[in-house]
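# Coordinates in review
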Amino acid sequence: MDKDNYFQYIANPKFSNVAKLEAVMSDFTYSKHAHEEFSLGVTLQGRQDFFCHDAYYKSPQGGVMVFNPDDIHDGHSGDEQNLEYVMLYVHPNEFAPAFHSMGVKQIQDVRVHNRLIDDVVLRQQIIELSHLIEHESFSQIEYEHGVYQLAQSLAKHSEKTDQGWSATRIDTLMYRAKEFIHANLARDISIDDVANAATVSKYHFIRLFRSQFGITPHQYVLNCRINLARRYLEQGWSTTHSAQAAGFADISHLNRRFKRVYGMTPKQYQLQRQVNNAS
């Protein structure tokens, strides 16, 4: 990686459900992808331009970016100066106790509508928690307080909408498709296989899926395989084993796809995480 495109992933071994990214970007562009976690970021310098959920955003210095789990998005520097930003990745399970205490029955009910938010409090919460997880010398209650504050802000910005029968029906079909994909990532599955699992004709399924998620089923499968390979790498698996177990044809295929999402090769990512866990 050159000095104008820098990516540093930081995790604390005490908390497996939270990770931090520090990034500097000049000419790097993320491919369309999604994370399993809530992705909460702050633009520190420059401007980050990104597309998400059928809309285009420009995050200025101080802008707060929020991506729900499975939100398809990309991103690149939108200014002449280098883009610098910090991003927190928090698994929904980490927020579950806080959401439940607020009366939220299902974690998936919390969906932030605006992906770019002007909220001074939320901005400070993200920055403070990102600093906190880098250090060993903090109390459990301090960490839990930071997570609870973030959960409150997410719930505040969450927007529930009443859905009609047809929308609910489509959600059910797409949920079946996603369940099938996640259960069969290591297999050489086809679009027909996924469409059959959702009980929808192939081409109708492709249109529904893209309309619902802003990405093709093929792109979604690739994204899920990248996320699965990442988990295997974090567990210490070799890149070869991770690629095979996640359904990639070979290491070069994983390397190519992984770098477009994480800005580095799988091996570089794994070495960063190993250094974090050892410190």
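Residues numbered from 1 in each chain as written. Predicted model: local features only at pLDDT ≥ 70, side-chain atom pairs only at ≥ 80, totals over all residues. Heavy atoms only, no water.

### With respect to the pattern of salt bridges
- By the definition in use, this model includes 13 salt bridges.
- Between Asp71 and Arg115 there is a salt bridge, with its nearest N and O atoms 3.0 Å apart. Taken together, the positions of Asp71 in the loop between β7 (64–67) and β8 (73–77) and Arg115 in the loop between α1 (92–101) and β10 (116–117) put the pair 44 residues apart, joining distant regions of the chain.
- According to the relative accessible area criterion, Arg115 is buried, its value standing at 4%.
- Through salt bridges with shared partners, a single ionic network connects Glu37, Arg230, Glu234 and Arg273. (Salt bridge = Lys/Arg side-chain N within 4 Å of Asp/Glu carboxyl O. Helix = DSSP H or I, 4+ residues; strand = E, 2+ residues; numbered from the N terminus. Buried < 20%, exposed > 50% of the residue type's maximum accessible area, 1.4 Å probe, protein only.)

### Some points on unusual backbone geometry
- Unlike most non-glycine residues, His53 shows phi in positive territory, near 55°.
- Accessibility expressed as a relative area gives 49% for His53, which makes it partly exposed.
- A positive phi angle, near 75°, is found at Asp70, a position not held by glycine.
- For Asp70, the position within the fold is in the loop between β7 and β8.

### Thoughts on the packing of helix α7 (residues 217–234) against helix α9 (residues 251–262)
- One can describe the packing of α7 onto α9 by two numbers: an axis separation of 10 Å at closest approach and a directional angle of 95°. If you check the angle between α7 and α9, you find them roughly perpendicular. Residues Leu222, Ile226, Asn227, Ala229, Arg230 and Leu233 of α7 form the contact with α9, whose own contacting residues are His253, Leu254, Arg257, Phe258, Val261 and Tyr262.
- A per-class count over the contact of α7 with α9 returns eight nonpolar, two polar and two charged. (Axes fitted to C-alpha atoms, helices over the stretch in contact; angles between N-to-C directions. Parallel < 35°, antiparallel > 145°, perpendicular 65-115°, else oblique. Contact = heavy atoms within 4.5 Å. Nonpolar A, V, L, I, M, F, W, Y, C, P; charged D, E, K, R; others polar.)

### Here we look at the confidence of the model for the protein chain
- Looking at the protein chain, the pLDDT average stands at 89 and 93% of residues meet or exceed 70.
- Predicted confidence in the protein chain is weakest over helix α4 (residues 165–183), with a mean pLDDT of 80, and strongest over β7, with 98.
- Segment residues 161–166 is flagged for pLDDT under 50; beyond a separation of four residues in sequence, or across chains, it makes two contacts in the model. (pLDDT = per-residue confidence, 0-100.)

### Quick look at the environment of Ser153
- Examined against the element boundaries, Ser153 turns out to sit in helix α3 (residues 140–157).
- Residue classification places Ser153 among the buried residues on the basis of a relative accessible area of 6%.
- Taking C-alpha positions, Ser153 is 9.3 Å from Asp119, a pair spaced 34 residues apart along the chain.
- Those residues within four positions of Ser153 in sequence are excluded, and the remaining contacts are Leu122 and Gln125.
- A polar contact of 2.7 Å, which involves the side chain of Ser153, links it to the side chain of Gln125. (Polar contact = N/O pair within 3.5 Å; in protein donor to acceptor, adjacent residues only side chain to side chain.)

### Quick look at α1
- Inspection of α1 places Pro92, Phe95, Ala96, Ala98 and Phe99 among the buried residues, and these make up the whole buried set.
- Phi turns positive one or two residues past the end of α1, at Gly103, with a value near 90°.

### Focus: the side chain of Ser242
- Mapping Ser242 onto the fold places it in helix α8 (residues 239–245).
- Judged by its relative accessible area of 0%, Ser242 falls in the buried class.
- In terms of polar contacts, Ser242 uses its side chain to reach the backbone carbonyl oxygen of Ser238, at 2.8 Å.
- Non-local contacts of Ser242, meaning those with residues more than four positions away in its chain, are made with Ala229, Tyr232, Leu233 and Trp237.

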